[in-house]
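Descriptive analysis of the structure
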Amino acid sequence: MGRDVVWWAFFYLISAFVLFNAIIVVTSPTLFRCLLHLMLVFIGVAGLFLLQGAIFLAGVQVLIYTGGVTTLILFAVMLSEEVVGKGRALVSRGKGMGIVVAACFLVLMFALYSSCVVFLPPTYEAHISPVAQFVAKAPSSAMGNVEAFGVALLTQFLVPFEFVSVLILVAIVGAITVARLSGSK
Amino acid sequence: MISSMMHYLILSAMLFSIGIYGILTRRNAIAILMCIELMLNAVNLNFVAIGAHLTPNQITGQLFAAFVITVAAAEACIGFALIIAIYRNFEKVSVDDINIMRW
């Protein structure tokens, strides 16, 4: 029971951290500050993955998002004009409409979730403690999660795995082509 | 007492609507792509939470999240290459100024 309290404390702490930083990302007038807070959002989401026992995914999140995508965005920010200070057109038009649309989506999702008990399978237990689930899911150690990932990727999900690698290759070649051809003008 | 899965779903809905707000109000193309990354993270949270609670003995939810991360990385790669190309040609990254394809 005590461990459950710790779990929930971590959950609410990280959730508040993520939402706070996400709000800064969409409201800050400085593009560079948006980027730094986006990085914190990525780290917080990795923490939420950890709370669900997704150990490998948390590592991937930190490596790819916090390490890779953030650096990519940093390059884009630095290569365009509006690095620091107020970008001319960074903020913002139609704030009222944005709030209305976002609130409508939120209400829609709440309505959906409040009725989604119907869709749950009969075996689902809503009141199981999260820590008990965590312990039951992690077979022995961190290797359990990673091993399960590798086995699933190379057996059941082999075809999507290969397709994704082709997609990555196409994306790399496409990005180089797009970014270079326009420069040789 | 709501289950921890429901907490994850609500958190992810909040994160997604923050992303929607950002996409609708930002005018800088780079900021819009950052908001898209926010929304993709919300989707990943949903995948992981639902997968962990409904199929606790399988890893399918986490695998889908991993595929989403991969495709998101490819999307960010292409998106920012396009932004760089547009910036080189137009000297600006504001989506209101880039209306050459609007008739």
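This text goes with the structure placed above it.
Computed from a predicted structure; not experimentally measured.

Looking at the overall build of chain B
Within chain B, the regular secondary structure consists of three helices and zero strands. Shown N-terminal to C-terminal, the secondary structure of chain B runs as helices and strands in the order α-α-α. Radius of gyration (C-alpha) of chain B: 17 Å, far over the 13 Å computed for a compact globule of 103 residues. Taking the principal axes of the C-alpha coordinates as reference, chain B spans close to 50 × 25 × 20 Å. For chain B, the residues scored as buried account for 60% of the 103 residues in total. The contacts of chain B with a sequence gap of at least 6 include a subset with a gap of at least 24, amounting to 61%. Accessible surface, chain B as shown: approximately 4000 Å² in total, 69% of it carbon and sulfur. Taken as two groups, the 5 positive and 5 negative side-chain charges of chain B have centres that lie 5 Å from each other.

Description of the interface of chain B and chain A
Taken together, the contact pairs 74 residues of chain B with 86 residues of chain A. Both faces considered, chain B and chain A share a buried interface measuring about 7100 Å² in area, 74% of it formed by carbon and sulfur atoms. When the buried area of chain B at its contact with chain A is split by residue, B:Tyr21, B:Arg26 and B:Met34 rank highest and sum to 10% of it. For the pair chain B and chain A, the interface holds zero salt bridges. Joining chain B to chain A, the criterion identifies eight residue pairs in polar contact (both at pLDDT 80 or more). For the side of chain B that touches chain A, the elements supplying multiple residues, two or more each, are helix 1 (4–25), helix 2 (29–54) and helix 3 (60–90) of chain B. When its residues are assigned to classes, the side of chain B that touches chain A shows 50 nonpolar, 16 polar and eight charged.

Quick look at a nonpolar patch on the surface
Residues and elements named next belong to chain A. A cluster of nonpolar side chains, namely Leu-154, Leu-158, Val-159, Phe-161 and Phe-163, defines an oily patch on the protein surface of about 490 Å² accessible area. It is helix 7 (residues 158–181) that provides the largest number of residues to the nonpolar patch, a total of four residues. Tracing the backbone through its elements, the reader meets Phe-161 in helix 7. Classification of Phe-161 by relative accessible area gives partly exposed; the value is 31%.

Considerations on the packing of helix 2 of chain B against helix 3 of chain B
Residue and element names in this part refer to chain B. The interhelical angle for the contact between helix 2 and helix 3, taken along N-to-C directions, is 175°, at an axis separation of 9 Å. Classed by the angle they form, the pair helix 2 and helix 3 counts as roughly antiparallel. In this structure, helix 2 uses Ala-29, Ile-30, Leu-33, Ile-36, Glu-37, Leu-40, Asn-44, Phe-47, Val-48 and Gly-51 to contact helix 3, whose residues at the interface are Gly-61, Phe-64, Ala-65, Val-68, Ile-69, Ala-72, Glu-75, Ala-76, Gly-79, Phe-80 and Ile-83.

Reading guide: rules and limits
- Residues numbered from 1 in each chain as written.
- Chains lettered and ligands numbered in written order.
- Predicted model: local features only at pLDDT ≥ 70, side-chain atom pairs only at ≥ 80, totals over all residues.
- Heavy atoms only, no water.
- Helix = DSSP H or I, 4+ residues; strand = E, 2+ residues; numbered from the N terminus.
- Rg over C-alpha atoms; globule rule 2.2 N^0.38 Å.
- Buried < 20%, exposed > 50% of the residue type's maximum accessible area, 1.4 Å probe, protein only.
- Contact = heavy atoms within 4.5 Å.
- Areas by Shrake-Rupley, 256 points an atom, 1.4 Å probe, with all protein chains shown as cover.
- Lys, Arg positive; Asp, Glu negative; His and termini not counted.
- Charge placed at Lys NZ, Arg CZ, Asp CG, Glu CD.
- Buried area = accessible area lost by both parts, 1.4 Å probe.
- Salt bridge = Lys/Arg side-chain N within 4 Å of Asp/Glu carboxyl O.
- Polar contact = N/O pair within 3.5 Å; in protein donor to acceptor, adjacent residues only side chain to side chain.
- Nonpolar A, V, L, I, M, F, W, Y, C, P; charged D, E, K, R; others polar.
- Patch = residues over 30% accessible without salt bridge, like charges linked within 9 Å, V, L, I, M, F, W, Y side chains within 5 Å.
- Axes fitted to C-alpha atoms, helices over the stretch in contact; angles between N-to-C directions.
- Parallel < 35°, antiparallel > 145°, perpendicular 65-115°, else oblique.

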